[in-house]
Amino acid sequence: MVTTPHMNPSRSSPLLFLAVILPLSGCAGLRETNCEQFKEIRQETDYTTQYRLLETNTETAARRFKPLPKGAVAVVRQYKMKVNTPEIKPCNHLKIQKEIYLLRKNDKNLVLEEIREFYTADGALVASKSEFVGDQMRTSGYYAGSTPLPIPEKAPPGKYRIVSKLVMKRKNSSRTTVLARTSTSFQVIARN
């Protein structure tokens, strides 16, 4: 897991927000809490993305989408992301929900990584997070995943955009291929 904040002194408020916002992913209580409760919940929360294979959706997608092309190692036919609410107050968790229809070969050297990038409303990249997800997606199929995103007490109000990319690479290689990209937005509103 790699977290890389990109420093820019003129953007210190969003940077502070996203420096605290990461790590992000996993399952948590998503109800509104006071800030003290939120701090306790954050200490116990698993911030890793949890994917699960949906068998019925896999069967439907297999009929709807083209199969894996000859010679291809992996392709993504569908990649969607949304949040459980368009607006959120600080000291709460935003839930990111994702759906992926992945076709892949059984190849032990294939590494799948999900990269989430966070942008301010004016398009400035303020942070990114990488997470290996190949162990959760070992076969072709339709996967659903969720990730809680902590919104810290000092999060400045404003609009933010999350861009997620699913990339593949080979073990012992630094060359990556973007399989799919998706994005969603949310707004932090004042707690008062």
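Everything below is about the structure printed above this text.
Owing to the predicted nature of the structure, the values given are computational and were not obtained by experimental measurement.

What counts as what
Residue positions within a chain follow its written sequence, with the count starting from 1. Residue-level local features of this predicted model are given only where pLDDT is at least 70; pairs of side-chain atoms are given and counted only at 80 or more, and the full residue set underlies all totals for whole chains, interfaces and linings. To obtain the side-chain values, all non-hydrogen atoms of the structure were included, while hydrogens and water were left out. Every helix listed is a DSSP run of H or I at least four residues long, and every strand listed is a run of E at least two residues long, numbered separately from the N terminus. Per-residue accessibility, obtained with a 1.4 Å probe over protein chains only, is compared with the maximum for each type, and a residue is labelled buried under 20%, exposed over 50%, and partly exposed between these values. To be clear on the numbers: accessible area is Shrake-Rupley with a 1.4 Å probe, and residue cover counts the displayed protein chains and nothing else. What counts as a salt bridge is simple: a side-chain nitrogen of Lys or Arg found within 4 Å of a carboxyl oxygen of Asp or Glu. A pair of cysteine sulfur atoms is labelled a disulfide when the two atoms are within 2.5 Å.

Peer 1: Explanation requested: the overall build of the protein chain in the structure shown.
Peer 2: Counting its regular elements, the protein chain contains three helices and 10 strands. Reading the protein chain from its N terminus to its C terminus gives the helix and strand order β-α-α-β-α-β-β-β-β-β-β-β-β. Scored against the burial criterion, the 192 residues of the protein chain give a buried share of 47%. Looking at the protein chain as shown, the accessible area adds up to about 10300 Å², and 48% of this sits on carbon and sulfur atoms.

Peer 1: What should I look at first to understand the pattern of salt bridges in this one?
Peer 2: One side chain can pair with another of opposite charge once the charged atoms of both are near each other. Enumeration according to the criterion identifies eight salt bridges in this entry. The partner of D107 in a salt bridge is R170, with the nearest N and O atoms 2.6 Å apart. Remark: R170 occurs in strand β9 (residues 158-170) and D107 occurs in the loop between β5 (92-104) and β6 (110-120); sequence separation between them is 63 residues. Exposure remark for D107: the relative accessible area of 19% places this residue in the buried category. On the basis of relative accessibility, which here comes to 35%, the residue R170 falls in the partly exposed class. Between E117 and K165 there is a salt bridge whose closest N-O contact spans 3.1 Å.

Peer 1: What am I meant to see in the state of the cysteines here?
Peer 2: Cysteine pairs can be covalently joined through their sulfur atoms, and such a bond is termed a disulfide. One pass over the structure, following the stated rule, counts one disulfide. With a sulfur-sulfur separation of 1.9 Å, C35 is cross-linked through a disulfide to C91. Torsion about the S-S bond of the C35 and C91 cystine: about 95 degrees, corresponding to right-handed handedness. With C35 in helix α2 (residues 35-44) and C91 in the loop between β4 (87-88) and β5, the pair connects residues that are 56 residues apart, well separated along the chain. Take C35 and C91: they sit in the same class, and that class is buried.

Function cannot be inferred from these measures alone, as they are strictly geometric.
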